[in-house]
Amino acid sequence: VLMLCLGHAIAAELGLLLLLLVHFRFLSPEWLIAKRRYMIVLAFILGALLTPPDVLTQLLLAIPLIGLY
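The rules behind these values
Residues numbered from 1 in each chain as written. Predicted model: local features only at pLDDT ≥ 70, side-chain atom pairs only at ≥ 80, totals over all residues. Heavy atoms only, no water. Helix = DSSP H or I, 4+ residues; strand = E, 2+ residues; numbered from the N terminus. Buried < 20%, exposed > 50% of the residue type's maximum accessible area, 1.4 Å probe, protein only. pLDDT = per-residue confidence, 0-100. Expected span 1.5 Å × (residues − 1). Contact = heavy atoms within 4.5 Å.

**Things to note about unusual backbone geometry**
Next up, step 1: Backbone geometry at Arg25 places phi at a positive 60°, although glycine is not the residue there.
Next up, step 2: Relative to the assigned elements, Arg25 resides in the loop between α1 (2-23) and α2 (29-34).
Next up, step 3: Its relative accessible area of 75% is what places Arg25 among the exposed residues.

**Overview of the confidence of the model for the protein chain**
Next up, step 1: Overall, the prediction assigns the protein chain a mean pLDDT of 87, with 100% of residues at 70 or greater.
Next up, step 2: Taking the mean pLDDT of every element in the protein chain, the minimum, 84, falls on α1 and the maximum, 92, on α2.

**A look at α1**
Next up, step 1: With 22 residues, α1 should cover 32 Å at 1.5 Å per step; its first-to-last C-alpha distance of 32 Å lies within 8% of that length.
Next up, step 2: Among the residues making up α1, those that are buried are Gly7, Ala11, Gly15 and Leu18.
Next up, step 3: On its buried face, α1 is in contact with α2, α3 (36-50) and α4 (55-68).
Next up, step 4: Of the residues trailing α1, Arg25 is marked for its positive phi of about 60°.

Right, dumping it as structure tokens:
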């Protein structure tokens, strides 16, 4: 349960981190658009690593990550 909560907390903070990196011009929106496919794959990998081994919780973590990206 702790790992599941920790995974969702990390996912929530990634959106804020991306916003700050774009705001302070460490990343550009064009670069983020170009790397979108890799982020989708990375979201599903993080979902698999940070959640118990069932598809529903992996999707419940990966889909908000993709949406925040």
